[in-house]
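Residue-level structural notes
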Amino acid sequence: MESIKVIAPGELWVETLPTPQPAAGEVRVKVSYAGICGSDLHIYHGSHPFVKYPRIIGHEFAGVIDAVGEGVSTDKIGQRVSVDPVVSCGHCYPCSIGRSNICHHLQVVGVHREGGFSEFCCVPEQLAYAVAENIDAQSAAMVEPFSIAANMLNRTGASARDVALVYGAGPIGLTVVQVLKGVYGVKQLIVVDRLDSRLQGALENGADKVINNSEVDLVSWLQEQQIAPTLVIDAACHPSIFAQATEIAAPAGRIGLMGFPAETSSVVQRFLNAKELTVFASRLNNKLFPTVIDWMASGKIQPHRLISHCFDFHAIQQALNLFETNPMACCKVLLRFSEE
C-alpha cells in the first residue's frame, strides 16, 4: 500500500509500505477520502505538542471495511464507515465519568498511532461507524470535523434561545456555524473574521451577520447594536480573543475555547465573576459520531458546502501548500485514496 508519512518535521513522503493486517478486535479500512486539518500541518512543521515521528498522519477519513481481526464479525466486511480517531482506555478517571475524549492514556489515530492518509488503516472495531446510504464518500470523511463542533456545542449547552458569536470562519468555525443554525436554530448568529472571503462563506453557511474585525471595532459595534452574546465560541484560537470574549459576553453567558494556542491569554477576572461567566474547553469529540451521522443523513448539516478542493493523495504537497498559504481560496481540502 501507499501511505503519506511524516518522517521528521519538514520531511514528508508518499511511501510504499506493507498492507497492515487487523489485530484482534480491529477492522481494516480501505480509505476512500481523508481531510486535511490544521493539526496535520502542525505535525508536518514540528509544532504539534503530542506527535512522535515518524508517523502516517490523517485523522479525518472514511472508507470501506475490507478485512477484520479475530473476534470481529465478517458481516462487517463491505460496510461503509467513518472513523472516529479517539482511542481511549475505558478505565481511567475521565473514562469512568463518561469523558473518554480526554482519557489519561488517550491515543489519536494519525497522531499517536498510524493514521488515515493511507490506502489502508487498521482501527479498533468500535471506532468504525457505519454511515447511512444517503451519505456519500466525501461527506463521510467530514464527520470528524463536524464532531469537533458537536462536542463544543454539547459542552456549552447551545440552544435556540442563544445569541451566538463565533470567532473564526475557517473550516472548523464553519462547522460550528452550520451546527448552530441547522441543528440548534439559534436566534441570532454573528461571525467574526479578518478575511472577507471567509465571512462570505459564513453567510452562505447560515450566519445572520458577519463582522470583519480588522475594519470594525467589535466591542463598539456590539455596544451600539445593544447586542450581548449569550454564547461565544473561539474557533480562531488567537490569545487575545479569550479576554475580549469575557468583555462582550452577556451575564450568565458561556464561552467555548477550541484549539491549542501556546501563547498566554490575559483575562480580567472581574468580567468572569461580575457576570458569572462559564468557560468551556473542548478537545476532539466524546462519542458523537453517531449524532453527526444522523445530522448528515437528515440534512441538518451540509458538508459539501465546506469542501472546496479534492486532490489525488499523491499531490499531498500541493494540497498542503494550498491549505496553508491560500485561506482565501480554500476551505476544506480532501485527499482521494480510492473510489467506493
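Whatever comes next refers back to the structure up there.
A short tour of the structure in this document, coming up. Keep in mind that what you see is a predicted model, and the values were worked out from it rather than measured. (Residues numbered from 1 in each chain as written. Predicted model: local features only at pLDDT ≥ 70, side-chain atom pairs only at ≥ 80, totals over all residues. Heavy atoms only, no water.)

A few points about the overall build of the chain
Each helix and strand counted, the chain has eleven helices and 18 strands in total. For the chain, whose C-alpha radius of gyration is 20 Å, the value lies close to the compact-globule estimate of 20 Å for 340 residues. For the chain, the C-alpha atoms occupy an extent of roughly 60 × 40 × 40 Å along the three principal directions. Split by element, the accessible area of the chain, about 14,600 Å² in all, is 49% carbon and sulfur. Each charge class in the chain was averaged separately, 25 positive and 33 negative side chains, and the resulting centres sit 7 Å apart. (Helix = DSSP H or I, 4+ residues; strand = E, 2+ residues; numbered from the N terminus. Rg over C-alpha atoms; globule rule 2.2 N^0.38 Å. Areas by Shrake-Rupley, 256 points an atom, 1.4 Å probe, with all protein chains shown as cover. Lys, Arg positive; Asp, Glu negative; His and termini not counted. Charge placed at Lys NZ, Arg CZ, Asp CG, Glu CD.)

A few points about the pairing of strand β18 (residues 332–336)
For β18, the buried fraction is high: four of the five residues fall into the buried class. Where strand β3 (residues 26–35) lies against β18, three bridges are found, and the strand directions are antiparallel. Residue Tyr33 lies in a different strand from β18, and its bridge partner there is Arg336. For strand β17 (residues 307–312) and β18, the ladder comprises five bridges, and the chain directions are parallel. Residue pairing in the sheet places Phe311 in a bridge with Leu335 of β18. In this region the chain leaves β17, passes through helix α11 (residues 316–325) and returns to the parallel neighbour β18; the handedness of that crossover is right-handed. (Buried < 20%, exposed > 50% of the residue type's maximum accessible area, 1.4 Å probe, protein only. Pairing = 2+ DSSP bridges. Right-handed = clockwise from strand over helix to strand, strands pointing away.)

Observations concerning the sheet that holds strand β16 (residues 278–281)
Across a sheet, paired strands are connected by hydrogen bonds in the backbone, their directions being either parallel or antiparallel. With parallel pairing, six strands are arranged side by side in an open sheet as β13-β12-β11-β14-β15-β16. Among the strands making up the open sheet, the edge pair consists of β13 (209–212) and β16. Direction aside, the axes of adjacent strands within the sheet are offset by 15 degrees on average. The strands touched by helix α6 (residues 196–204) within the sheet are β12 (188–193) and β13, with β13 carrying the most contacts at an inclination of about 170 degrees. (Axes fitted to C-alpha atoms, helices over the stretch in contact; angles between N-to-C directions. Contact = heavy atoms within 4.5 Å.)

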